[in-house]
Amino acid sequence: MSVNASSRRNLLRASGLAGLVVAGSAVATGAAQAAPSPASTVSTVDTVDELRALNTTPLDDGAQVLVAGYHAPGDGGAMAVRWDKKSDTAHNGGTVIAPADGRPGRWVQLHNGTVDFRTFGHFDTEEPADAALDAMIADTSVHRIEAHTDLHFTERHLWNRSHIELDFGGHRMVTDGIEKNTHDNPFGAVLSFRGTVTDTTVKHALSGKVIELTDTFPVPDATAFEVGQWWSVQVDPVAGGGGDERELQKLVEITEIVDGGHIRIGYLNGWELAEGRRLTWTRIEPVLNTHIRNLVFEGAGPDEYTGSHPVSFEYAVGCDVSGIHATGSFWPVVMRRWCTRFRTEECSLKNPPTVDYGGAGYLTQQIYCLYGRVADCTTSNVRHLNDLTASAYCTVVNCHGDGDDAGGNPFTTHGQYEHDLLFDGNSGLMDIANSGAQWGISAKRITVRRHVCSWFTANTKITDLTLEDITVIARPTFDQAGTLTVNADGAQVRGCTARTFAVAQRSARSSRPTVISDCSFELPAGAVLVQTPVTAQVHFVRCTFKGVDGAILRGAGPVHFTDCTVIGAENAAPLSIGSADLRIDGGTYDNTGVELSAVRDQRITVTGGTRLTGSNKAKALLGRAAGNATLTWDISSLTSVTTDSGTAHIRIADGTNHYAATGSRFTGGTLHLAPGALESLLHTSCVEQGTKRTAMPEDSNSVRTEGNLTL
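A brief structural summary. (Residues numbered from 1 in each chain as written. Predicted model: local features only at pLDDT ≥ 70, side-chain atom pairs only at ≥ 80, totals over all residues. Heavy atoms only, no water.)

### Observations regarding the sheet that holds strand 17 (residues 249-259)
Reasoning step 1: Taken in spatial order, the six strands line up as 14-19-16-17-18-15 in an open sheet, and their pairing is antiparallel. Each edge of the sheet is formed by a strand with only one pairing partner; in this case those strands are strand 14 (196-205) and strand 15 (216-218). Averaged over all pairs of adjacent strands, the angle between their axes in this sheet comes to 40 degrees, without regard to strand direction.
Reasoning step 2: Examined bridge by bridge, strand 14 and strand 19 (residues 278-285) share seven bridges and lie antiparallel to one another. Looking across to strand 19, one finds that Val197 is bridged to Ile284. (Pairing = 2+ DSSP bridges. Helix = DSSP H or I, 4+ residues; strand = E, 2+ residues; numbered from the N terminus. Axes fitted to C-alpha atoms, helices over the stretch in contact; angles between N-to-C directions.)

Next comes the structure, spelled out in structure tokens:
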């Protein structure tokens, strides 16, 4: 059984164990340390069965043996072990190996913190590897677990282990026959890590207002907290709101004791909290720096009980996931709740069992999470690629979802007061803050850049939304309208393209204007561009609207067009505008025109070299609908050209109107300003070339028409 130094060195090289067993040296594992042994005590055996069959009676404590393979030499299960004659630790077949005859003592695997499933005898999916995994996780001297073959798991594991990495080397994990899950439990993953929730809590009403973007919070007694501790903090539900509508739910670190009644946390609060709102603080011992990587996962059954999914983290800090590629995962592939500082990268999901069951069929979901990054991920035929719920300061980069026709939108937030999120360079349907009133349908400061999709909806209580370079292309298998919708609460939309664009309004929290600039839209006939509830000002700047036919701007809020290009379809109806204050400053309007709806008193201001050309179905480039509303017309520096003799540049025939046009040029067509519809009129310094006045009041104290050039 003993070997000479030369042959032993060759064996060490072949087995990769040279760093673990060196003649005349001690090797540590965990708290135990082998006693120094002479070179002659390092022996070899071919397999673990031979190791277990050794006569251990003559062995010194700490004797070392090289095992050439688990079942056969060179099969990958090679390891170095040492004899611990006093140990009675339970045999696990890998890190702790008992003699087969039941004699006292144990063989303890020598390792540098990295352990391989093959050293437990697992080389394929024939036998479940659950016990081996539990043994490695439980061993605090192990900091890295490696798989070099496909493996089979049938248990749903739950650990609170920190500072360990599981690397499956790109091999398969199959889960056929996995134990039954409990009802509605997305944390029943094969690999679940959960921090410890202590019974230390602090509950109190806020003694004063907590402002937005503060990291300092009032507490009854700051001595209850210590710097470096982690606490979950949540506020009571919003009065009169949904049952789960809370502005604050996060896992935070105590960074400073400011004074006896204030603490500082590692988080800038995203929403103001009023005096009197109740907070609950609970001390947490989180899982720290545990990572899972490089796994091909194959799900099991079709429902919440028999289905399987690979990973979940709860109350965890700094725990990353990368390189997981899943098929058939029932719950999210990577499920997180109460997590802070993490990365999910280079993962994918295709064809989950369902996309209809709430919460199922996701690649990743984050609930009450902070400082996360999801990057370089893909999905096919799933419900969501990424769901951020009540989360903040997270980014989603270079992720792409396809096959989303019948499933869900790859990119979503729940609407539970998410804030400060960035989506950059992604593709796939997007729907923000739209999971229902139960959670508040609210979000703030979400930025989306360089995104491509066929449907994008952000029309709930989304404040200060920023969209840059969004391309929405109509797809016949999903949304043939190619819809992009935003909430008029500080939305900034720049350089975007869509077929159907709409502005809604569900909230009014922002101090910044809603501006749509340098965008291009091709509206379907009769599209509602500004919806009825909109009271905020909406400003279109240098936008192009193509194929317009009867587009409607219903909202009463101010609407401002600056240097826009609006091109009507053939025989198109004019824009129907209900805004109480419409400003058109420059730009070109071809074969379209404007009709004020007269559903309320309105003012229209046209200036800045605006150019109207062509004709439309109403035969009026500027006109009004019938009704008794009072309209005020303020027109200057307008150029209006039509070759249709029956088309009016301006037609006012109904209601009460105050009209002023100066410094404008009208070519062709007609001017129809009915005397009975005008309480005041100023029409001066204008050029009318080949234009017929089909109606015009006589000069009086309230009417002035002199000083024009008629050609």
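Picking up after the structure, the text goes on.
### Notes on the nonpolar core
Reasoning step 1: Ranked by size, the top nonpolar core spans 128 residues in total, and within it Phe117, Phe168, Phe456 and Phe540 carry the most contacts.
Reasoning step 2: The greatest single-element share of this core, amounting to five residues, is contributed by helix 3 (residues 130-138).
Reasoning step 3: Sequence-distant contacts of Phe117, defined by excluding residues within four places in its chain, comprise His122, Ala129, Ala132, Leu133, Met136, Ile145, Glu146, Ala147, Leu151, Phe153 and Phe168.
Reasoning step 4: Of all hydrophobic cores here, the second largest spans 21 residues; its members include Val210, Ala222, Val235 and Leu370. (Core = buried A, V, L, I, M, F, W, Y, C linked by side-chain atoms within 4.5 Å. Buried < 20%, exposed > 50% of the residue type's maximum accessible area, 1.4 Å probe, protein only. Contact = heavy atoms within 4.5 Å.)

### A closer look at the environment of Tyr357
Reasoning step 1: Within the fold, Tyr357 resides in the loop between strand 25 (348-350) and strand 26 (362-367).
Reasoning step 2: The spacing of Tyr357 and Gly228 is 129 residues in sequence and 40 Å in space, taken between C-alpha atoms.
Reasoning step 3: Ignoring sequence-local partners within four residues, the contact set of Tyr357 consists of His183, Glu304, Phe330, Trp331 and Arg383.

### Observations concerning the side chain of Arg246
Reasoning step 1: Looking at the secondary structure, you find Arg246 in the loop between strand 16 (230-235) and strand 17.
Reasoning step 2: Of the side chains with opposite charge, Asp244 comes closest to the buried, unpaired Arg246, at an N-O distance of 5.3 Å.
Reasoning step 3: Leaving out residues up to four positions away in the same chain, Arg246 has contacts with Gln234, Val235, Asp236, Pro237, Gln416 and Tyr417. (Lys, Arg positive; Asp, Glu negative; His and termini not counted. Salt bridge = Lys/Arg side-chain N within 4 Å of Asp/Glu carboxyl O.)

### Points about the environment of Gly261
Reasoning step 1: Summarising the element assignment, Gly261 is placed in the loop between strand 17 and strand 18 (262-265).
Reasoning step 2: C-alpha of Gly261 to C-alpha of Ser207: the two residues are 54 residues apart in sequence and 9.9 Å apart in space.
Reasoning step 3: Once residues within four sequence positions are removed from consideration, Gly261 is found in contact with Phe217, Pro218, Val219 and Ala222.

Any functional reading would require information beyond the geometric quantities listed.
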